[in-house]
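# Survey of secondary and tertiary structure
Chain by chain, the residues:
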Amino acid sequence: MTRPGPLAHLRIIEMAGLGPCPLAGQLLADLGAEVTVIDRASGRADPADINRRNKRSVALNLKSGAGRAAALRLIAAADVVLEGFRPGVMEKLGLGPEACQARNPGLVYGRMTGWGQTGPMAHLAGHDINYMSLSGALAAMGPADRPPMPPLNLVADYGGGTMFLIFGVLAALLERQVSGQGQVVDAAIVDGVPAMMGVFHWMLSGGQWEVQRERNMLDGGAPFYRCYETSDGKAISVGPIEPQFFAEMCAKAGLEHVPPREQMDKANWPRLSDAYAEVFRTRTRDEWAELFAGSDACVAPVLTFDEVEAHPHNAARGVFFRQNGVLQAAPAPRFDRTPAGPVAPPHAPGADSAEVLAQAGYSAAEIEAMRTEGAIS
């Protein structure tokens, strides 16, 4: 299955799992990579399982010798393996980096975990909220008078996890062009989240960041960088940090304006926040959005999942689309010379077993024998 896109030359094997690893495979497949998922068993197609779009699936029984041999054969012809199990699981299956790279020295082996491949917590269970809590980031999120509020699982699972797995894999592929050798990429969420926090470490070291929540410019403490409730119970986002944008917001909304030095004076923030909240409660969200439309005031409506598709900017760019009635994001980023092609809907687990194995050199008789033996699940 050849798809258009800048990564059309890559062949990737993804071990079926949950969370960051499937998204990494999806994003790479969106850009043209041939991604084949090794599933544990066949199943039904789920049109809403967006992380499976643009991928193929082969269902192998990795507890059988023939199933493991088939997985190794597929990996031997691949550029990348993606796996998100606890450390040691792939080794127990006979599919660890050493075994795979013995067959394929140029293989980039991407390992996605929360705690990493090493360290005293490496073999423990955990989830997005736990990994983020050790980074210091979670302690900075949420109201000052309540426990921290997790920001969905976008920051840790998908920011510190998926994006660093992709970053590491693509970096290793670039290095392979020089050395001719593959390598193991240890992508740990507990590493990735802190790697994104450079600006906060800088502000903390310079005395510009307080550890108490809602006392900082970017954590809801500043009156010019937070959300406000509107008269209809909805909300708008306000973020004019620069003085000229702040002045424009105040002028258009009829808000009290203070000069730049006083804008950044935390002593003014509680009073201004209360005053601004009263003003923003005088109109509906959409009335404010119309008032600020076309301005540099850095004000935007807070949209819900079921509203984003219809927003004029999102619609003009085609940010979202529907397939089989399922709302989802279009492939990103965009390329002018090698754009991504149409999105293929999610395949059922095991739907492509025969095709994938035939491409790997198995005959029809061998594939049927594997089914009979239970090597194909």
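To start, this report covers the structure provided alongside it. Predicted, not measured: the structure shown is a model, and the values here were computed from it. (Residues numbered from 1 in each chain as written. Predicted model: local features only at pLDDT ≥ 70, side-chain atom pairs only at ≥ 80, totals over all residues. Heavy atoms only, no water.)

## Here's the deal with unusual backbone geometry
Operational definition: Elements are defined by DSSP. Helices are runs of H or I of four residues or more, strands are runs of E of two residues or more, and each kind is numbered from the N terminus. In this scheme, a residue with accessible area under 20% of its type's maximum is buried, one over 50% is exposed, and one in between is partly exposed, where area comes from a 1.4 Å probe on protein chains only.
Residue Ala-332 is joined to Pro-333 through a cis peptide bond whose omega torsion reads -5°. Assignment of secondary structure puts Pro-333 in the loop between strand 11 (326–329) and helix 14 (353–359). A positive phi angle, close to 55°, is found at Leu-152, a residue other than glycine. Among the secondary structure elements, Leu-152 is positioned in the loop between helix 5 (128–133) and helix 6 (154–179). Leu-152 gets classed as exposed once you look at its relative accessible area, which sits at 57%. Even without being a glycine, Glu-214 presents a positive backbone phi close to 60°. Along the chain, Glu-214 falls in the loop between helix 8 (198–205) and strand 7 (226–229).

## Structural notes on the nonpolar core
For clarity, the cut-off: Put simply, buried Ala, Val, Leu, Ile, Met, Phe, Trp, Tyr and Cys residues joined by side-chain atoms within 4.5 Å make one nonpolar core. Whether two residues are in contact is decided by their heavy atoms, any of which lying within 4.5 Å being enough.
Ranked by internal contacts, the top residues of the largest apolar core, which has 32 residues, are Leu-82 and Leu-165. Broken down by secondary-structure element, the contributors of at least two residues to this core are helix 1 (20–30), strand 4 (80–83), strand 5 (108–113), helix 5, helix 6, strand 6 (184–188) and helix 7 (189–195). Leave out the neighbours within four places in its chain, and Leu-82 touches Ile-12, Ile-13, Glu-14, Met-15, Cys-21, Ala-24, Gly-25, Leu-28, Gly-110, Leu-165 and Val-169. Membership of the second largest hydrophobic core comes to 26 residues, among which are Phe-85, Met-90, Ile-367 and Ala-375.

Note that every value here comes from positions in space, so none of it alone points to a role or purpose.
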